Amino acid sequence: MCMWNVFEKKSVAKALKKAPTEVLKRYEAWKRIVEISGPAGLKLIRGFRDESLKGEWKGYRSSRLGIQWRVIYKIENEVLEIHVFEITPHKY
C-alpha cells in the first residue's frame, strides 16, 4: 500500500485557525483520505466535489470542505505528493 505525502504551506495553518470547527474536522478527514487513497479516494466521496481548476489556478485542484470553504491543492510530479496551497472561504 502506497501512502501519499501531504505538504501544507504555512498560510494553511493560519487559515485553519480562523476556520469554523466543522471545516477543520472536514479538512482532517480530507487529509486522511488523501494520505491513504490519494486524489482517487476523493472522487469516491461526492461531498468533497473534487475538481480541476481553470484560469490562473490551472493545474490545481479544489475540494469542498463545506458550502463556502475550499481546499486548493496540487499533485506534484506524480510521486505521491499533495501540496496544499490554500484553505479559503469561497467568494461568491
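Relevant structure appears above.
Notes on the structure in this doc start here. Please read all numbers here as calculations on a predicted model, not as lab measurements. (Residues numbered from 1 in each chain as written. Predicted model: local features only at pLDDT ≥ 70, side-chain atom pairs only at ≥ 80, totals over all residues. Heavy atoms only, no water.)

Another aspect to go through is the overall build of the protein. Along the protein, the regular secondary structure elements total three helices and five strands. Reading the protein from its N terminus to its C terminus gives the helix and strand order β-α-α-α-β-β-β-β. A globule of 92 residues ought to have a C-alpha radius of gyration of about 12 Å, and the protein, at 12 Å, matches this closely. Its C-alpha atoms put the protein at 35 × 30 × 30 Å along the principal axes. Counted over contacts in the protein with a minimum sequence separation of 6, partners at least 24 positions apart contribute 42%. Summing over all exposed atoms, the protein offers an accessible surface of approximately 6300 Å²; the carbon and sulfur share of this is 53%. Side-chain charges in the protein split into 19 positive and 11 negative, and the spacing between the mean points of these groups amounts to 5 Å. (Helix = DSSP H or I, 4+ residues; strand = E, 2+ residues; numbered from the N terminus. Rg over C-alpha atoms; globule rule 2.2 N^0.38 Å. Contact = heavy atoms within 4.5 Å. Areas by Shrake-Rupley, 256 points an atom, 1.4 Å probe, with all protein chains shown as cover. Lys, Arg positive; Asp, Glu negative; His and termini not counted. Charge placed at Lys NZ, Arg CZ, Asp CG, Glu CD.)

Bringing the nonpolar core into the picture now. Counting 20 residues, the largest nonpolar core has Tyr 27, Trp 30, Leu 65, Ile 82, Val 84 and Ile 87 as its most contacted members. Elements with a minimum of two residues in this core: helix 1 (10-18), helix 2 (21-37), strand 4 (69-76) and strand 5 (81-89). The element that contributes the greatest number of residues to this core is helix 2, accounting for five residues. Residue contacts for Ile 82: discarding those within four places in its chain leaves Trp 4, Asn 5, Val 6, Phe 7, Trp 30, Val 34, Pro 39, Tyr 73, Lys 74 and Ile 75. (Core = buried A, V, L, I, M, F, W, Y, C linked by side-chain atoms within 4.5 Å. Buried < 20%, exposed > 50% of the residue type's maximum accessible area, 1.4 Å probe, protein only.)

Here we take up the packing of aromatic side chains. For the coordinates displayed, the defined rule picks out four aromatic pairs. For the ring pair Trp 57 and Tyr 60, a centre distance of 4.9 Å and an interplane angle of 85° mean the geometry is edge-to-face. Given the relative accessible area of 18%, Tyr 60 is considered buried. Among the aromatic side chains, those forming a connected cluster through ring pairs are Tyr 27, Trp 30 and Tyr 73. (Phe/Tyr/Trp six-rings, centres within 6.5 Å; stacked < 30°, edge-to-face > 60°.)

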